[in-house]
Every structure is written in C-alpha cells, then in structure tokens.
Amino acid sequence: MNRLWTVLSGLGFAVAAMMPWVTFALNDGNYPAKSTLQFFDAPFLLTGFRLHLLVIGLLVVLFTFLPLPGRPRILRAAGWAGGLISLVNGAYITFKGGGLGAITAADGKVAFAAFVGVAAGALLIWSGAKAAPGIEFSWPERPSRWLAYLALLVSFAGLLLFVAAILTSGGGITNPYSAGQFMSFLAMAAGLIAALGATGVLRWIGELSEQHRYFSLLVMLGCALGLPFTSAGNEYWMTVAVNIGVYAATAIGLNIVVGLAGLLDLGYVAFMGIGAFVAANLSGAAAAAFDIHLPFIFAAIAAALVAGVFGAIVGSPTLRVRGDYLAIVTMAFGEIFVRSSQNNIGGLTGGSNAIPGIPPLELFGTGFQESISIGGYKLAGGVLYYVLIVLLVALVMGVFANLKDSRIGRAWIAIREDEDAARAMGIQTGRAKILAFLIGATLAGLAGAVFAHKTSSVSYESFRFTESVTLLAAVILGGMGTIPGAVLGASLLFVLPETLREFQDYRLMLFGLALVLIMRFRPQGLVADRHRRAELTTVDDPVEVAAR
C-alpha cells in the first residue's frame, strides 16, 4: 500500500509539471518555463522548474521499485525538493501577481499546479518515511589509485558544472523573475545533495579526497580555474567571483582568530582596509600620499606586513581581557579605523574623497580587466583577476591547513577550549593569541591589496562595522575552524544578495533568521569541524548518530 502512495506522489509531480501555474500574464511579463495559462499550448515542452519537477516525479516512480541503498531518505529528499519547488514558485507568483488569484482562479481561468505539487511533496515525505529500506551497500574503502582518481575527477567536474548552474539559474539580472527561479533551483539542488548523501556517495568522495589529498587539491584548483569556461564565465559573474574570493580569503584569516583560537573579533575588516590603503598609497594612485609606484607583489607584501603589525598591536590587549571585553576592544579598533579614515588623519586615506585612480594590474602588457583569448576561446574581461584571487585563496587555504595541523594550531584549539587549562599545561597563551591576531591580520591585508587594485578606488565606506559582522556570520554559518566552511559561508553571504536583489530591503533580517536557524539546528555550521561536531553532538542526536 505504501508503494501506491509513493507512486501517486511521483505522478503528482509529473501532473503538476504539465499543468499551468499562472492564471494571467504578470505585470513584469510572462512567468518563465511557459507556465502562464494564456500561452499554455504545449504542456509537454517543459523547461526550467517544470522540467525539474517532471524529472523528480519520474525518478520517484522509478526509485519506488529499485532496491537502492538509503531509499527512504532518498524519497524524502525528493519529496522536500519537489514540494519546495512548488511552494517557492507558488509563493513567488502570488507575491508578484498580487494575491492567490494568480495561482488559483481569476477571470474564469484556473491554474492549480502549485497546490498539486505541494500536496505531492507532502504525501511523498510521509510515504517515503515508511518505505522499505533498500539493499545494504558499502562503497569500497580502498579502491585502486586510478579508480579513485577517476571518481575524484568526475566528482569535482560535476561540482564545477553544478556551481555554474546555480550561479546562472536565475537567468541574470535582466530577468525580472530571477529571484524566484534561483530559489526554485536551490530547492532542487538541496534535494539532489540530500539524495546523494543518503546513498553514501558524498561521504565516500570525502574519504577518497582525504586519502589522495594532494591530488584532490590539484583537481579542485583546476576546477576553480575552469569556471570561466562554463556558463558562468561572463564578466558579471567573474566580478562577483573575485569579490567572493577576496572576502573568502579574509574570512579564512578570521577563522584563525575566531575558529581556531576562539577570540571574538568584531573589527576584523579594518585589517583588510589597512592593507587596501597601504597598497593604494604604494601603487601610484592619483590621490596617493606618496609618489611611489611599486610593483603589485611588493605593494601587496608591504600591505600584509603593515596589517600584521596592527594585528599584533590590537592583539596585545588579549593578555589582559577575554570574552565580551575583547569583543568590545576589537569593535572599538574597527570604529577608530573608520573614523580615522573618514577624517583623513595623516593624509593617507583621502577622507570622504577616498583614493581613486589605483592603476589596474598588468601581466606582459595585458590589463587584468581586459578580455583574453586562449586557444581561440575568448574569455570575459576580468578573468585574470579571477585567476589571481583563486591563487590567493589557494595560498591562504594552504597557510590555514598547515597552521591548524601544527603545534601552534593545536595550542590555539587548546586555548579555545579552556585557556586556563592550556596555560596550566605549559602553553604560552599570550604569545599564541597575539600570533593568531598577527597572522589573521596579515592574510586580511593581503586580500585588501587585491581588493584595492580590483576596485581601482578605496574608501572607508567599504570597511564599516557591518562588513565585520558579515565576515563573522560567514565563518559561523560555514563552520568555524574549517576551510570549506569559510569559503562556503562567504559565497552564500555574497551570492545570495546578488541573486535576490528584489529582497535587498530584508537582507539583514534574512541573515539574522539564517543565523538563528543554524544555531538551533546545526550549531557547528554547514561544514562542521570534527572537533566541534564532537563537542556539540549529543548522544541521542538521531541525525548525527545516523551520519556516523
């Protein structure tokens, strides 16, 4: 009997996909995927979210009779994906159309596809939980080297295409319904990830990447450099990717201070600002305080060193204060930096006029902002900046990974857990904490140097307190103490505002809500460090018990 309900759920998704979704043409034009009733003359020519829904429905019917490993979780994931696709599109059409009439009935026209899809999703979630378990299957723990390499290549190549598809899923800023399409695609992507996790393939790929760490790092670097060759390789997304990379590198540096050493820093973006202003003054900018034009590599090193010195200065109060008091000290430093920059103290920041005219970077006479061709394939403008930031993020990742596994990294973790106990065990806590601030600030200053040249203008407005909070949110959301967590957190907090521009007035509210939900349901972050996962997992937590 349960199979019958599961099959009906899958057929419900298929029926919803072939039904009209909108009763009338909306003010901003017809809703995508040929879903408006007025133009609904080809129900089988499916595109967009309707095609996703049909594929989910057909797979549900197929999976009902296949003895897959983790079948109940796969079916529930499909139920959530299909239900959320229907709910998101239905709610978005209602919001754009001015009421429920847009997805129910208006002027004698009827369109109930959203309700059918939501009902099918709810039924599948219920019936999937009662589905018979599939076969017991274990992925090979130690496959041959070439099989492991092939699996890693296919996985990371798929990840590259998956990221490109997510970035371009909204159709670009010219599409008036980009936010709804993006959220719909995210629902489908979340369901796909959950289904793959249920089969155990994600954990297996993770274990393979640990067994072949250096090969995995090379493949990931190659895939990152391959993004300009995908559908996301236009100038707009290259600019967004560079900004993400700058803040990801800065967030990894903050992860040393907050994630490893456990020191709450609320003024961290000031170090990035120091690096940006130092690079601007040493790179021959039009309004620079010094008539100096250093090559970028030397200006970047100088920016990192100056930021590191200020990091050590700010870290010195950690010898006497901790917890909330340390947070107040760092917040005060960030505010001092902003006010000093605003008033152009020392003539180094340009005040309200900023420092414009920072020359763009060049390589063999080619500007980093220019378009280039490789083997007859023309790449978008700004791709060289993207390559530079990928290499910078890789460098920062390498520094973080080596520090975490080193003696000083273990000392930071001990301080984070219990500073008094760490001191009793012979760890020089004061020197370790100052070193955490110094290294974190150095990495932020290096990222600030790249930021200055990419934007060609540096202003104190880019380094206010809210930016420090955003960086801290990126670290917490992604997972403190992990490299992928910082990158994922920075990506989410800077991609989402770009794709959800229609809801920019609710940005801070959404961030706050996300933080509350993460702290409630996954306090260790989206990508959990094994130490924090062990600390924050209770013995009777069914989710973590099942994952283990």
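Everything quoted here is computed from the prediction, not taken from an experiment.

Asker: What should I look at first to understand the overall build of the protein in this one?
Answerer: A count of helices and strands for the protein gives 21 helices and six strands. The globule rule puts the C-alpha radius of gyration for 548 residues at 24 Å, and the 26 Å found for the protein is close to it. Counting over 548 residues, the protein shows a buried share of 47%. Look at the contacts in the protein between residues 6 or more apart in sequence, and 76% of them connect residues 24 or more apart. Here the protein displays about 25900 Å² of accessible surface, and carbon together with sulfur accounts for 67% of that area.

Asker: So what exactly am I meant to see when it comes to the side chain of Ser283 here?
Answerer: Structurally, the position occupied by Ser283 is in the loop between α10 (269-282) and α11 (296-315). From its side chain, Ser283 meets the backbone oxygen of Ala279 in a polar contact 2.5 Å long. In this structure, Ser283 is in contact with Ile292, His293, Leu294, Ala299, Pro359 and His453, ignoring residues within four places of it in sequence.

Asker: It is not clear to me how the packing of aromatic side chains should be interpreted in this structure. Could you clarify?
Answerer: The way to describe two aromatic rings as a pair is by their centre distance and the angle between their planes. According to the stated counting rule, one finds 18 aromatic pairs in the structure shown. Residues Phe229 and Tyr377 carry aromatic rings whose centres are separated by 5.5 Å and whose planes lie at 35° to one another, so their mutual orientation is tilted. Of the two residues, Phe229 is situated in the loop between α8 (213-225) and α9 (235-260) and Tyr377 in strand β6 (residues 377-378); the sequence distance between them amounts to 148 residues. Taken together, the ring pairs connect Trp21, Tyr31, Phe49, Tyr92 and Tyr177 into an aromatic cluster. Geometry around Tyr385 places Lys454 over its ring, the cationic atom sitting 5.5 Å from the centre.

Asker: Teacher, can you tell me more about α11 here?
Answerer: Note on helix geometry: an α-helix contains 3.6 residues per turn, so any two residues three or four positions apart are oriented the same way. In a regular helix each residue adds 1.5 Å, so 20 residues correspond to 28 Å; α11 covers 28 Å between its end C-alpha atoms and thus fits that length. Those residues of α11 not exposed but buried are Ala299, Ala300, Ala303, Ala304, Ala307, Gly308, Gly311, Val314 and Gly315. Here the buried face of α11 lies against α10, α12 (324-342) and α16 (429-455).

Asker: I'm lost on the confidence of the model for the protein in this one. Help?
Answerer: A low pLDDT score tells you not to read the predicted coordinates there in detail. Per-residue confidence for the protein averages 83 on the pLDDT scale, and 93% of its residues sit at or above 70. Scored below 50 in pLDDT, residues 539-548 shows eight contacts in the model against residues more than four places distant or in partner chains.

Asker: Explanation requested: a nonpolar patch on the surface in the structure shown.
Answerer: Residues Phe290, Ile292, Leu294, Ile297, Phe298, Ile301, Leu305 and Leu348 make up a contiguous nonpolar surface patch of about 710 Å² in total accessible area. Classification of Leu348 by relative accessible area gives partly exposed; the value is 35%.

Asker: Can you walk me through the domain arrangement of the protein in this structure?
Answerer: One widely used convention gives an interface's size as the accessible area the parts lose upon coming together. If you check the domain split of the protein, you get domain 1 (2-137 + 169-199) and domain 2 (233-542). Between the C-alpha centres of domain 1 and domain 2 there is a distance of 38 Å. In this assembly, 11 residues from domain 1 lie in contact with eight residues from domain 2. Contact between domain 1 and domain 2 buries roughly 660 Å² in total, counting both sides, with carbon and sulfur atoms accounting for 73%. Viewed at the interface, domain 2 and domain 1 are joined by zero salt bridges. Our enumeration of links across domain 1 and domain 2 arrives at zero residue pairs in polar contact (both at pLDDT 80 or more). At five residues, the largest contribution of residues to the side of domain 1 that touches domain 2 is made by helix α6 (residues 178-199). Its residues assigned to classes, the side of domain 1 that touches domain 2 comprises nine nonpolar, one polar and one charged.

Asker: Can you help me understand the packing of α6 against helix α18 (residues 483-499) in this one?
Answerer: What describes two packed helices is the angle between their axes and the distance between those same axes. Between α6 and α18, the least distance of the axes is 9 Å, while the angle of their chain directions is 135°. By the angle class used here, α6 and α18 are oblique. Between α6, through Ser178, Ala179, Phe182 and Leu186, and α18, the contact on the second element is made entirely by Val495, Leu496 and Thr499. Partitioned by chemical class, the residues of the contact of α6 with α18 number five nonpolar, two polar and no charged.

Asker: I'm lost on the pattern of salt bridges in this one. Help?
Answerer: Pairing between side chains of opposite charge can happen when their charged atoms approach one another. Counted according to the given criterion, the structure contains seven salt bridges. With its nearest N and O atoms 3.2 Å apart, the salt bridge here joins Glu419 to Arg423. In this pair, Glu419 and Arg423 are both assigned in helix α15 (residues 419-424), four residues apart and thus about one turn of the helix distant. For Arg423, a relative accessible area of 40% gives the class partly exposed.

Asker: Even after reading the chapter, I still don't get the side chain of Gln181, so can you show me in this structure?
Answerer: Among the secondary structure elements, Gln181 is positioned in helix α6. According to the relative accessible area criterion, Gln181 is buried, its value standing at 9%. Within the local environment of Gln181, its side chain forms a polar contact with the side chain of Tyr31, the two groups lying 3.1 Å apart. Those residues within four positions of Gln181 in sequence are excluded, and the remaining contacts are Tyr31, Pro32, Phe49, Asn89, Ser169, Gly170 and Asn175.

Asker: Explain unusual backbone geometry to me, please; I cannot follow it from the model alone.
Answerer: The phi dihedral of Ala354 falls on the positive side, at around 60°, and the residue is not glycine. For Ala354, the location among the structural elements is in the loop between α12 and β3 (362-363). The class for Ala354 is buried, based on a relative accessible area of 7%. In this model, Ser456 sits at a positive phi of 65°, which is unusual for a non-glycine residue. With respect to the helices, strands and loops of the structure, Ser456 is situated in the loop between α16 and α17 (465-478). Given the relative accessible area of 32%, Ser456 is considered partly exposed.

Rules used throughout
Residues numbered from 1 in each chain as written. Predicted model: local features only at pLDDT ≥ 70, side-chain atom pairs only at ≥ 80, totals over all residues. Heavy atoms only, no water. Helix = DSSP H or I, 4+ residues; strand = E, 2+ residues; numbered from the N terminus. Rg over C-alpha atoms; globule rule 2.2 N^0.38 Å. Buried < 20%, exposed > 50% of the residue type's maximum accessible area, 1.4 Å probe, protein only. Contact = heavy atoms within 4.5 Å. Areas by Shrake-Rupley, 256 points an atom, 1.4 Å probe, with all protein chains shown as cover. Polar contact = N/O pair within 3.5 Å; in protein donor to acceptor, adjacent residues only side chain to side chain. Phe/Tyr/Trp six-rings, centres within 6.5 Å; stacked < 30°, edge-to-face > 60°. Lys NZ or Arg CZ within 6 Å of the ring centre and 35° of its normal. Expected span 1.5 Å × (residues − 1). pLDDT = per-residue confidence, 0-100. Patch = residues over 30% accessible without salt bridge, like charges linked within 9 Å, V, L, I, M, F, W, Y side chains within 5 Å. Salt bridge = Lys/Arg side-chain N within 4 Å of Asp/Glu carboxyl O. Domains from an automatic or database assignment. Buried area = accessible area lost by both parts, 1.4 Å probe. Nonpolar A, V, L, I, M, F, W, Y, C, P; charged D, E, K, R; others polar. Axes fitted to C-alpha atoms, helices over the stretch in contact; angles between N-to-C directions. Parallel < 35°, antiparallel > 145°, perpendicular 65-115°, else oblique.

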